[in-house]
Amino acid sequence: MSHSSAPHDFRAGIDAGLHDTTLRANFRRAMDGLMTKRARQFEDPQEWTRLRALGQEIRQRALSKLPDLLERLEENCTRNGIRVHWAEDVAQANAIILEILQQRGITTVVKGKSMVSEEMHLNAFLGGHGIRALEADLGEYIIQLAGQMPCHIVMPAIHLNKTQIADLFADKLGTSPDGQDAEALTAIAREKLREEFRTAGAGISGVNFPVAETGTLCLIENEGNGRMVTTVPPVHIAVTGIEKVVENLEDVTPLLRLLTRSATGQPITTYVNMISGPRRGADQDGPQEVHLVLIDFGRSRVYADPETRQTLQCIRCAACMNHCPVYVRVGGHAYGGVYPGPIGKILTPQLNGLADYPDHPSASSLCNACVEVCPVKIPIAQMLVRLRNEKAGQGTGAVQDAGSGASRVEDAAWKAWAATYSTPLAYRVASAALTAAGNALPASAPLLKAWTSVRKKPRFAAQSLHRTLKEMGVADE
Amino acid sequence: MSDARANILRRLRAAPAGLTQPYSDWSVLRDRDWSIDDQVGLFRTMAESVNARVIDCVAPEDASRPLPSWDSVLAEDCAARGVRRLAVSAPLAAPLQALWTGSPNRPEIILTADRDTLFSVDAGLTTARGGIAETGSLILWPGPTEPRMLSLVPPRHIALLRTSRLHPTLWHAMTENGWASQMPTNVVLVTGPSKTSDIEQTLVFGVHGPKDLLILLINDH
Amino acid sequence: MTTGPPPSAPVFRPLPTGPVTEVYLFGTCLVDLFTPSAGVSTVRLLQREGVRVIFPQGQSCCGQPAYNSGHPEEARTVARAQIPLFCKDIPIVIPSGSCGGMIRQHWPHLFAGQPEEAAARAIAARVWELSEFLVHVLKVSLEDHGTPETVTWHSSCHAMREMGLTDEPKRLLGQLKNVTVAPLQRERECCGFGGTFAVRHADVSAAMVADKCADIEGTGAATVLGGDCGCLMNISGALEHKGSAVGSQHLADYLWERTK
């Protein structure tokens, strides 16, 4: 994958996010709500521990036989009448979908929520070929109207409040901006989209769990738009990452429980839709054609390394971002790319290269809040550290653009630090110097400056613990 | 296209083995020692918690319990909510026609899979293959006698569920009935009416799917 | 308000067999240079329970600063130098959940496939965070000699999530009869320290610590206590910078001062 543009400027995004007080308030309120709802679902720590162990095992087992499962998925989908396509990159995937639509003369498609289609920039691509792609999930519909990217993978419009949405609808749809509550705004969207569902030429959706054993595509949602786009139009096209496949139908059950409870604190979503083919035999309705596009987009590279492979266990619940102290303050748009928050910090640089996303791995205090809530136990903090190693040129080179962040100055500083801290005599000399004169360092010294913008300068003690304990006669053995 | 397939599979096969765990403990899902009455109670609690309406009833021929017949509950509810055009599942059309013949103020019974008609009716009446106690979910199994749209596009969905068809969890429903060897084109679990909280996390019922879900719970256990 | 998940099931840690009469102290580099009093108080708390404390003078740092900054080679160099200093099979007590977590959780990973792997794993298994050790191993009972006071407690992320501590520090504070602990609204949220994160992403870190300070001040406590000098340096620096009246102290110092 070539670097078509300048690296993503995470810092500018952070700056914008931090200083937008409305945005921060919107995120804080939303994340507090999501955290509280999730916590209520996992009040029994025993159940949580056992269920997430099961979730992790199922995902790891599936990944351990991924190529076999993909072939089995293809075979069983094909037997069910689903046409399976494979795409290595965005251009291939978009071309596949365009061909399906153009061959059938389709000019309008309705879409269910799909993060993979965001990776493809599918709406813009289809628009460029004269095909109207309309988002049908309420949150996605809102941000499509606003011309924005999702700021959250489950709640795409959570950065906007109802006043902002009412103004947006007034501007784009001509409705009244006044006195619109969430219910009224929802009713407006329902009205606008109903006719689109009825007449669209095709529906496009993502997939939560593709099942190899049965050739089944499981989709979960609350609004009914996912069922609409996969049921009413004559053609259904599903897109999904190759990593998502699970082996057996029963594997869906613990993952479903973990996903809905982690994501929105629901025991289950309103709809769990299991699609195993286009209408067949005497079926009375349902699409005449179902297509499944399996996309790679860099995932096979992430898969190549057994440690980074754990990133692919993700079931896209967003609990990591809901609990992230950085995400809640900077907002989803700061991250660029499709996946924000902790999972985005490890996934985006792996899919798109460390050179394009140089600040992602370091933008974490490694507080482990994400690790604690991940329902499939992805060691996100360990992965961030691994990416830092790769960026500095101290990894295995498995990650795209490894070594792109190597800095001679930093390397030299760490080498000097290591030499000092691994040699007792050197450390004794250095600590004596720091306790004696360290406080004379000006607050404007290079690294101190960032620290002292909001904090007092740390003060070195007059005497180190080493010396103090020696004087106290504490044993040195 | 076939190149993409070959390239992806080749790259995946070239990767070294990763983490895996050969065995899992499923007891966290499996162990449920709920009586049928427990399951009925839990089903109701969970379904009602997401705004489904659950009404106990019996089959018209069943006089063993002091509960109303489902068709009379249905007629009353339709009258109360202004349902004039009711699309129904094929197996229910004839019995309902027979039960309602001669009774005044019954909604029109519409037997169709036509998209535009379904978009225009007031309510859709379906069967349910089963229910899931733990989450208050209906298991819908549309197919040759029941269009998929019947439970989706009308603004109200009414479903008949027999208490004898309740399962503790989805896992039990799936494994005890061997779903994996007989998946139809579409299976849908429905838990409450359609909803969203995409705007400020405010819960709103009735987005693209039905705004109202009535479960006629036929006590036959 | 619930802002975090319930704690995971407590991590099962086998307790040392037999009475503990001798421990190592790993002082940590931050305590060594910035807050030696916390190390001294740790020694006194342990000695009072009849435990002999050994402080190998050759020690320096667990290697975490480099480890978290993409420099595992340098982290290994420093960590490797510590290994031979703690070879006796006795507990290693650390007045820091973060450094404890580094050794317990990350040394096995850092030394995977290295000649020192077995030794690193053995040390990792013997590491105890101070409050964890006082509560579970020594089962201390504390007698409060101080005047009535309200404090608040800041949980370190690594103590909670890497060392698996749940409420050990608060159980110790709960033994002090004149001390009231006013909880933070968001006790489980990071203070924004994160080592080099505070410098690399200074703006985000600043926003985090500003919120933490507001939370602390909102409790009405006179003092914020913590068990990690990294967090405390961050929090106290920010409190002082804004001219707050709230003081800060390491748990070891606070416990010792009130019970000596």
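Residues numbered from 1 in each chain as written. Chains lettered and ligands numbered in written order. Predicted model: local features only at pLDDT ≥ 70, side-chain atom pairs only at ≥ 80, totals over all residues. Heavy atoms only, no water.

## Points about the overall build of chain B
A count of helical and extended segments in chain B gives 7 helices and 12 strands. Each of the three principal axes of chain B carries a C-alpha extent, and together these read 75 × 45 × 40 Å. Across the 221 residues in chain B, those meeting the buried criterion constitute 56%. Within chain B, contacts between residues separated by at least 24 positions form 71% of all contacts whose residues are at least 6 apart in sequence. With an accessible surface of roughly 8800 Å², chain B has 51% of that area assigned to carbon and sulfur atoms. Here chain B holds 21 positive side-chain charges and 24 negative ones, and the gap between their average locations is 8 Å. (Helix = DSSP H or I, 4+ residues; strand = E, 2+ residues; numbered from the N terminus. Buried < 20%, exposed > 50% of the residue type's maximum accessible area, 1.4 Å probe, protein only. Contact = heavy atoms within 4.5 Å. Areas by Shrake-Rupley, 256 points an atom, 1.4 Å probe, with all protein chains shown as cover. Lys, Arg positive; Asp, Glu negative; His and termini not counted. Charge placed at Lys NZ, Arg CZ, Asp CG, Glu CD.)

## Considering helix 16 (residues 341-352) of chain A
Residue and element names in this part refer to chain A. The first and last C-alpha atoms of helix 16 sit 16 Å apart over 12 residues, in line with the 16 Å expected at 1.5 Å per residue. Extensive coverage of helix 16 is indicated by the burial of 11 of its 12 residues. Inspection of helix 16 places Gly341, Pro342, Ile343, Gly344, Lys345, Ile346, Leu347, Thr348, Pro349, Gln350 and Leu351 among the buried residues, and these make up the whole buried set. On its buried face, helix 16 is in contact with helix 6 (115-119), helix 13 (299-304), helix 14 (319-322), helix 15 (327-330), helix 17 (369-373) and helix 18 (380-391). One or two residues past the end of helix 16 sits Gly353, with phi positive at roughly 100°. (Expected span 1.5 Å × (residues − 1).)

## Remarks on the state of the cysteines
One pass over the structure, following the stated rule, counts 0 disulfides over all chains. Unpaired in terms of disulfides, Cys151(A) finds its nearest cysteine sulfur in Cys320(A), a separation of 14 Å. The structure places no disulfide on Cys190(C), whose sulfur is separated from the nearest cysteine sulfur, that of Cys157(C), by 4.0 Å. (Disulfide = S-S within 2.5 Å.)

## Considerations on the sheet that holds strand 8 (residues 271-275) of chain A
Whenever strands of a sheet pair, they do so through backbone hydrogen bonds, lying parallel or antiparallel. An order of 5(A)-6(A)-8(A)-9(B)-6(B)-5(B)-8(B) is seen for the 7 strands of this open sheet, with the pairing classed as mixed. Looking at which strands have only one partner, the edges of the open sheet turn out to be strand 5 (209-211) of chain A together with strand 8 (166-167) of chain B. Pairing of strand 5 (residues 130-132) of chain B with strand 6 (residues 137-140) of chain B, which is carried by 3 bridges, proceeds in the antiparallel orientation. In the strand pairing of strand 6 of chain B, Gly131(B) is matched with Leu138(B). In this fold helix 12 (residues 252-264) of chain A packs onto strand 5, strand 6 (216-221) and strand 8 of chain A, with an angle of close to 175° to the strand it touches most, strand 5 of chain A. (Pairing = 2+ DSSP bridges. Axes fitted to C-alpha atoms, helices over the stretch in contact; angles between N-to-C directions.)

## Structural notes on the interface of chain C and chain A
Residue-level contacts link 83 residues of chain C with 76 residues of chain A. Taking both sides of the interface into account, the surface hidden between chain C and chain A amounts to around 6800 Å²; carbon and sulfur atoms contribute 60%. The largest per-residue losses of area from chain C upon contact with chain A belong to Leu33(C), Gln57(C) and His201(C), which jointly make up 11% of the total buried on that side. Our count for the chain C to chain A interface comes out at 12 salt bridges. Note that Glu372(A) and Arg188(C) form a salt bridge whose closest N and O atoms lie 2.5 Å from each other. (Buried area = accessible area lost by both parts, 1.4 Å probe. Salt bridge = Lys/Arg side-chain N within 4 Å of Asp/Glu carboxyl O.)

## Re the nonpolar core
With 179 residues, the main nonpolar core has Ile97(A), Leu126(A), Trp179(B) and Trp107(C) as its most contacted residues. Excluding anything up to four places from it in sequence, Ile97(A) contacts Met120(A), Leu122(A), Leu126(A), Ile204(A), Ile237(A), Val239(A) and Val293(A). Val31(C), Leu46(C), Phe133(C) and Val140(C) belong to the second-largest nonpolar core, a separate cluster that totals 38 residues. (Core = buried A, V, L, I, M, F, W, Y, C linked by side-chain atoms within 4.5 Å.)

## A short note on the packing of aromatic side chains
Throughout the structure, instances matching the rule amount to 16 aromatic pairs over all chains. When the centroid spacing of 5.2 Å and the interplanar angle of 70° are considered together, the rings of Trp141(B) and Trp179(B) count as edge-to-face. Taken together, the residues span a long stretch of sequence, with Trp141(B) in the loop between strand 6 and strand 7 (156-162) and Trp179(B) in the loop between helix 7 (170-176) and strand 9 (186-190) at a distance of 38 residues. What makes Trp141(B) buried here is its relative accessible area of 17%. Ring pairing ties together the aromatic residues Phe10(A), Phe27(A), Tyr327(A) and Tyr335(A), which thus form one cluster. Residue placement shows Arg38(A) over the ring face of Trp48(A); its charged tip is 4.8 Å from the ring centre. When the ring centre of Tyr303(A) is taken as origin, the NZ or CZ atom of Arg309(A), which lies over that ring, is 3.9 Å away. (Phe/Tyr/Trp six-rings, centres within 6.5 Å; stacked < 30°, edge-to-face > 60°. Lys NZ or Arg CZ within 6 Å of the ring centre and 35° of its normal.)

## Some words on the environment of Glu149(C)
Residue and element names in this part refer to chain C. As for its position among the elements, Glu149 is in strand 5 (residues 149-154). Taking C-alpha positions, Glu149 is 28 Å from Asp32, a pair spaced 117 residues apart along the chain. With residues up to four places along the chain from it excluded, the contact list for Glu149 reads Asn178, Val179, Thr180, Ala222, Thr223, Tyr254 and Arg258.

## Concerning the pattern of salt bridges
Side-chain pairing between opposite charges can occur once the charged atoms of the two side chains come close. For the structure shown, the criterion picks out 62 salt bridges over all chains. A salt bridge links Arg261(A) to Glu47(A), with the nearest nitrogen and oxygen atoms 3.0 Å apart. Remark: Glu47(A) occurs in helix 3 (residues 45-64) and Arg261(A) occurs in helix 12; sequence separation between them is 214 residues. Across the pair Lys170(C) and Glu187(C) runs a salt bridge, and its minimum N-O distance is 2.8 Å. With Lys170(C) in helix 9 (residues 168-174) and Glu187(C) in the loop between strand 6 (179-181) and helix 10 (197-200), this pair connects stretches of sequence that are 17 residues apart. Classification of Lys170(C) as partly exposed rests on a relative accessible area of 31%.

## Focus: the arrangement of the chains
Between chains A and B lies the most contact-rich interface of the 2 pairs of chains that touch. The two partners chain B and chain C share no contact, and the minimum distance between any of their C-alpha atoms is 15 Å.

## Considerations on the packing of helix 2 (residues 21-41) of chain A against helix 12 of chain A
All names here are of chain A. Here helix 2 crosses helix 12 at 140°, and the two axes come no closer than 6 Å. It follows that helix 2 is oblique to helix 12 by the angle criterion. Along the contact surface, helix 2 presents Leu34, Lys37, Arg38 and Gln41, while helix 12 presents Arg261, Ser262, Ala263 and Thr264. Considering only residue class, the contact of helix 2 with helix 12 consists of 2 nonpolar, 3 polar and 3 charged. (Parallel < 35°, antiparallel > 145°, perpendicular 65-115°, else oblique. Nonpolar A, V, L, I, M, F, W, Y, C, P; charged D, E, K, R; others polar.)

## Some thoughts on the sheet that holds strand 8 (residues 247-250) of chain C
Residues and elements named next belong to chain C. Strand order across the open sheet formed by 4 strands is 6-5-7-8, with parallel pairing between neighbours. Two strands close off the open sheet at either side, each with one partner strand: strand 6 and strand 8. Put simply, the sheet's adjacent strands are angled 35° from each other on average, direction ignored. Relative to strand 6, strand 5 runs parallel, the two sharing 3 bridges. If you follow Val151 over to strand 6, its bridge partner there is Val181. Each of strand 5, strand 6, strand 7 (223-226) and strand 8 is contacted by helix 13 (residues 251-259), which is oriented at about 90° to strand 8, the strand it contacts most.

## Some remarks on the packing of helix 3 of chain A against helix 12 of chain A
All names here are of chain A. Put simply, helix 3 and helix 12 touch, their axes get as near as 9 Å, and they point 120° apart. Where helix 3 crosses over helix 12, the two elements pack in a sense that is left-handed. Residues Glu47, Trp48, Leu51, Arg52, Leu54, Gly55, Ile58 and Arg59 of helix 3 pack against Pro254, Leu255, Arg257, Leu258 and Arg261 of helix 12. Considered class by class, the residues forming the contact of helix 3 with helix 12 number 7 nonpolar, 1 polar and 5 charged. (Left-handed = near helix turned anticlockwise from the far one by under 90°.)

## Quick look at helix 9 (residues 162-173) of chain A
Residues and elements named next belong to chain A. For helix 9, which comprises 12 residues, the first-to-last C-alpha distance of 15 Å matches the rise-based estimate of 16 Å (1.5 Å per residue) to within 8%. Among all positions in helix 9, only Ile165, Ala166, Leu168 and Phe169 are buried. Projected down its long axis, helix 9 carries its buried residues within an arc of 160°, all on one side. Away from the buried face of helix 9 by more than 90 degrees, exposed residues Thr163 and Asp171 are located. Tucked inside the fold, the buried residues of helix 9 contact helix 8 (138-146) and helix 10 (182-199). (Arc of directions from axis to C-beta.)

## Quick look at the domain arrangement of chain C
Residues and elements named next belong to chain C. What the domain assignment lists for chain C is domain 1 (22-136) and domain 2 (142-259). Taken over C-alpha atoms, the centre of domain 1 sits 22 Å from the centre of domain 2. Domain 1 puts 32 residues into the contact, and the matching count from domain 2 is 25 residues. When the two sides are added together, the surface that domain 1 and domain 2 hide from each other amounts to roughly 2300 Å², 62% of it contributed by carbon and sulfur. Between domain 1 and domain 2 we count 0 salt bridges in total. For the pair domain 1 and domain 2, the interface holds 12 residue pairs in polar contact (both at pLDDT 80 or more). Broken down by secondary-structure element, the contributors of at least two residues to the side of domain 1 that touches domain 2 are helix 1 (29-33), helix 2 (36-48), helix 5 (97-110), strand 4 (127-129) and helix 7 (130-137). The element best represented in the side of domain 1 that touches domain 2 is helix 5, accounting for 8 residues. (Domains from an automatic or database assignment. Polar contact = N/O pair within 3.5 Å; in protein donor to acceptor, adjacent residues only side chain to side chain.)

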